[in-house]
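# Coordinate inspection notes
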Amino acid sequence: MPADVQACRVAIAGASSLRGKDLKQLLEEGSFPAEEIRLLDEDIAAGTLTEAGGEPGVIQALDEDSFERVRF
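Summarised in this report is the structure supplied together with it.

## A word on the overall build of the protein chain
For the protein chain, the helix and strand inventory stands at one helix and five strands. Each helix and strand of the protein chain, ordered N terminal to C terminal, gives the series β-α-β-β-β-β. For the protein chain, whose C-alpha radius of gyration is 12 Å, the value lies close to the compact-globule estimate of 11 Å for 72 residues. Principal-axis analysis of the C-alpha atoms gives the protein chain an extent of 40 × 25 × 20 Å. When the 72 residues of the protein chain are sorted by exposure, 26% land in the buried category.

Encoded structure:
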């Protein structure tokens, strides 16, 4: 990553949907400078095991604090 590009936190609301999965894949493949990719969705999808950035991840329930310290 170039020195002038600062990594940021990203949240994907609707992470279990096809569009959410596509967005996550595009961010990973495009070398988007994300420090963290937070996967969010409705309560019914919360707890679903997945992966983000080559690491295991869990979809989190969407709540009022979900976008705290998130840039995109």
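After presenting the structure, the write-up continues.
## So, the nonpolar core
One finds Cys8, Val10, Ile12, Ala15, Leu27, Leu39, Ala52 and Ile59 forming the largest nonpolar core, which totals eight residues. The biggest single contributor to this core is strand S1 (residues 8-13), with three residues. Non-local contacts of Leu39, meaning those with residues more than four positions away in its chain, are made with Ile12, Ala15, Lys24, Thr50, Glu51, Ala52, Val58, Ile59 and Gln60.

## Overview of the sheet that holds strand S2 (residues 34-41)
The strand order across the open sheet built from three strands is S1-S2-S5, with neighbouring strands paired in parallel fashion. The sheet is open, and its two edges are formed by S1 and strand S5 (60-61), each paired on a single side. With six bridges connecting them, S1 and S2 associate as parallel partners. Within the sheet, the bridge partner assigned to Val10 lies in S2 and is Ile37.

## Some words on the environment of Val10
Residue placement: Val10 occurs in strand S1. Val10 sits 31 residues away from Asp41 along the chain, and the two C-alpha atoms are 14 Å apart. Contact partners of Val10, with chain neighbours within four places excluded, come to Leu27, Phe32, Ala34, Glu36, Ile37, Arg38, Val70 and Phe72.

Calculation notes
- Residues numbered from 1 in each chain as written.
- Predicted model: local features only at pLDDT ≥ 70, side-chain atom pairs only at ≥ 80, totals over all residues.
- Heavy atoms only, no water.
- Helix = DSSP H or I, 4+ residues; strand = E, 2+ residues; numbered from the N terminus.
- Rg over C-alpha atoms; globule rule 2.2 N^0.38 Å.
- Buried < 20%, exposed > 50% of the residue type's maximum accessible area, 1.4 Å probe, protein only.
- Core = buried A, V, L, I, M, F, W, Y, C linked by side-chain atoms within 4.5 Å.
- Contact = heavy atoms within 4.5 Å.
- Pairing = 2+ DSSP bridges.

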